[in-house]
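Below, each chain spelled out in residue letters.
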Amino acid sequence: MATAYIVDAVRTAGGRRGGRLAGVHPVDLAAAALDALVGRTGVDPAGIEDVIMGCVTQAGQQAGQVGRNAVLASKLLPQSTPAVTIDRQCGSSQQAIQFAAQAVMSGTMDVVIAAGVESMTRVPMGTSAMFHAKEGLGTYKSPGLEAKYPGVMWSQFMGAEMIVKKHGFTKDDLDRFALTSHQRAIAATNAGAFANEIVPIEIETPDGPAMHTQDEGIRFDATLESISGVKLLSEGGALTAASSSQICDGSSAALVVSEAALKRYNLTPLARIHTLTVTAGDPVIMLEEPLFATDKALAKAGLKIGDIDLYEVNEAFASVPMAWLKHTGADPDKLNVNGGAIALGHPLGASGTKLMSTLLNALKARGGKYGLQTMCEGGGVANVTIVEMV
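Residues numbered from 1 in each chain as written. Predicted model: local features only at pLDDT ≥ 70, side-chain atom pairs only at ≥ 80, totals over all residues. Heavy atoms only, no water.

**Student:** Hey, could you run me through the pattern of salt bridges in this one?
**Tutor:** Here the idea is simple: oppositely charged side chains can pair when their charged atoms come close. Following the criterion strictly, the structure yields twelve salt bridges and no others. Across the pair R264 and D110 runs a salt bridge, and its minimum N-O distance is 3.6 Å. Within this pair, whereas R264 is found in helix α9 (residues 259–264), its partner D110 is found in the loop between α3 (92–105) and β5 (111–119), the two being separated by 154 residues in sequence. Judged by relative accessible area, R264 falls into the partly exposed class, the value being 48%. Here the salt bridges share partners, and the residues they tie into one network are R11, E197 and D215. (Salt bridge = Lys/Arg side-chain N within 4 Å of Asp/Glu carboxyl O. Helix = DSSP H or I, 4+ residues; strand = E, 2+ residues; numbered from the N terminus. Buried < 20%, exposed > 50% of the residue type's maximum accessible area, 1.4 Å probe, protein only.)

Listed below in structure tokens is the structure:
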């Protein structure tokens, strides 16, 4: 089987809801990441055989096959470049990486871009379902689904609270984890740790044109007191907006190639794809699946958790990575070392390749060998990708 390599991965700096990226159409936001990736790597645009774009809310400005539209809006990719848009919920662009790797490993393709986009300002989460329901066109809950899960209303928030109770976490535990996310993101930003992965985006501001280059959601003044003071999301619960991922606008992209393509285009790889895993479990608690997916991925890879140098576990809610740490026995000092979605934002379909760009750059900066990335996903699904630096 052929080896799949990641040559480079880039992302935009996160934009807060209604913030600095609110004026950018998601098609153009996605195109900017594609162009930056192609420009940085120097790969021949005509040699790109497919673009696999993750996007969760495929409605409104993200409807009509946003991946293909991003290619057409690109300044560097020819219109002959194919594209497809996929939805594996929060893991959409991580799945894009895995699909791209599978294409290369199968020998059917040599050069594939995995990417993702989500403008949660312009296309609010859930609107693809809500608008149809309001028009009397029904919901996703079919008679067959209702028969198997009677009365169940799928809710990631409820699943996150179920994890809190199952693992015995307190609100203080969650608040302290959230503070750590901001502290690490602040330290990374001040040290320039994100400089290599962030794609500058030209935006309009009240003071004129500017470049968006810094994650907008980081609370540089965060304290435990300020985080603890945020009101609960539900009575009797433990989670607040401060211990949950931030609504975010952003895009990201990664170039996945074969060994033959490395030679053909004179490319230098950052890492090789070591192991690909996707699993599914309980759709009600739903967000706990990364725990069990990691077990399977490590067994498949022939590695132990201590063999992994850095972990990126998406901070959809603080309870998810906390439960993952408890279950795996992983070193918390190796987890989300530059902060996570609580501080940096979670642009849904863009988060998979976003996390990969951060993971690869952090591994390179620290001289690490193995990195593991996992995402909790709606429906009780989870992806795990293990990379090895080369």
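**Student:** Just checking my understanding: could you explain helix α2 (residues 66–73) for this structure?
**Tutor:** Since one α-helical turn is 3.6 residues long, residues separated by three or four positions face the same way. If you check which residues of α2 are buried, you get V66, G67, A70 and V71. Axial view of α2: buried residues confined to an arc of 145 degrees, hence all on one face. Residues of α2 that are buried in the fold lie against α1 (26–41), β3 (50–54), β4 (83–86) and β5. (Arc of directions from axis to C-beta. Contact = heavy atoms within 4.5 Å.)

**Student:** Please clarify how the packing of aromatic side chains should be interpreted in this entry.
**Tutor:** A ring pair, where both rings are aromatic, is described by two values, the distance of the centres and the angle of the planes. Here the structure, examined in full by the defined rule, presents three aromatic pairs. Ring centres of F157 and F317 lie 6.4 Å apart, and the angle between their planes is 55 degrees; this geometry places the pair in the tilted category. Highlighted residues: F157 in helix α6 (residues 156–167) and F317 in the loop between β11 (310–313) and α11 (319–328), separated in sequence by 160 residues. Here the guanidinium or amino end of R11 rests over the ring plane of F194, the centre of that ring lying 4.8 Å away. (Phe/Tyr/Trp six-rings, centres within 6.5 Å; stacked < 30°, edge-to-face > 60°. Lys NZ or Arg CZ within 6 Å of the ring centre and 35° of its normal.)

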